[in-house]
Amino acid sequence: MELDTKKIGYRIRLARKKKEWRQDDLAEEVEKTTTYIGMIERGERLPTLDTFVDIMTALDVTADEILCDTVSYGYQTRLYEYDKRIKELAQKEQQKLYRIMDAYLDD
């Protein structure tokens, strides 16, 4: 199995932006260069395991969140994220989404 480095980088970028950090902020936190962080986020490089753990810790995310598109069991994390986001919607919006899902799944 080949890792999709672009998806991994994209999810790291999303987590960084959610924290409202610049690449400089993350680079400083994990003691790497901004150029290296940029390469990871663009999917040009895979971090070492140590650096990956440092990034997860700094961004306060789990490896499952970052790797969910890459590993076969990642769909569970994705479903968990969907569940959290749906609960944040207004009840009317939740009901609309449930009707759409019901229509799709009833095929």
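Residues numbered from 1 in each chain as written. Predicted model: local features only at pLDDT ≥ 70, side-chain atom pairs only at ≥ 80, totals over all residues. Heavy atoms only, no water.

## Topic: the overall build of the protein chain
Here is step 1: Counting secondary structure elements, the protein chain contains seven helices and zero strands.
Here is step 2: Sequence-ordered secondary structure for the protein chain, helices as α and strands as β, is α-α-α-α-α-α-α.
Here is step 3: Structurally, the protein chain occupies a C-alpha span of about 50 × 35 × 20 Å along its principal axes.
Here is step 4: Only carbon and sulfur atoms are counted for the fraction: they give 50% of the accessible area of the protein chain, which is about 8,000 Å².
Here is step 5: Separation between the mean location of the 19 positive side-chain charges and that of the 23 negative ones in the protein chain comes to 5 Å. (Helix = DSSP H or I, 4+ residues; strand = E, 2+ residues; numbered from the N terminus. Areas by Shrake-Rupley, 256 points an atom, 1.4 Å probe, with all protein chains shown as cover. Lys, Arg positive; Asp, Glu negative; His and termini not counted. Charge placed at Lys NZ, Arg CZ, Asp CG, Glu CD.)

## A closer look at the pattern of salt bridges
Here is step 1: Summed over all chains, the structure comprises eight salt bridges.
Here is step 2: A salt bridge links Asp24 to Arg22, with the shortest nitrogen-to-oxygen separation between them at 3.3 Å.
Here is step 3: Since its relative accessible area comes to 34%, Asp24 is described here as partly exposed.
Here is step 4: Here Arg22 ties to Asp25 by a salt bridge, and the two come within 3.2 Å at their closest N and O atoms.
Here is step 5: One salt-bridge network, held together by shared partners, links Arg13, Arg16 and Glu41. (Salt bridge = Lys/Arg side-chain N within 4 Å of Asp/Glu carboxyl O. Buried < 20%, exposed > 50% of the residue type's maximum accessible area, 1.4 Å probe, protein only.)

## A few points about the side chain of Glu41
Here is step 1: Here Glu41 is to be found in helix H3 (residues 34-41).
Here is step 2: For Glu41, a relative accessible area of 2% puts it in the buried group.
Here is step 3: Beyond its immediate sequence surroundings of up to four residues, Glu41 is in contact with Gly9, Tyr10, Ile12, Arg13, Arg16, Gln23 and Leu26. (Contact = heavy atoms within 4.5 Å.)

## Points about the nonpolar core
Here is step 1: In terms of nonpolar packing, the biggest core is built from 16 residues, with Ile12, Leu26, Ile55, Met56, Leu59 and Ile66 touching the most fellow members.
Here is step 2: Every element with two or more residues in this core is listed here: helix H1 (5-18), helix H2 (23-30), H3 and helix H4 (49-59).
Here is step 3: It is H4 that contributes the most residues to this core, five residues altogether.
Here is step 4: Excluding anything up to four places from it in sequence, Leu26 contacts Ile12, Arg16, Trp21, Ile37, Glu41, Ile55, Ala58 and Leu59. (Core = buried A, V, L, I, M, F, W, Y, C linked by side-chain atoms within 4.5 Å.)

## Topic: a negative patch on the surface
Here is step 1: A cluster of acidic residues, Glu28, Glu29, Glu31, Asp50 and Asp54, forms a negative patch on the protein surface.
Here is step 2: Looking at the negative patch, the elements that each hand over two or more residues are H2 and H4.
Here is step 3: Along the chain, Glu31 falls in the loop between H2 and H3. (Patch = residues over 30% accessible without salt bridge, like charges linked within 9 Å, V, L, I, M, F, W, Y side chains within 5 Å.)

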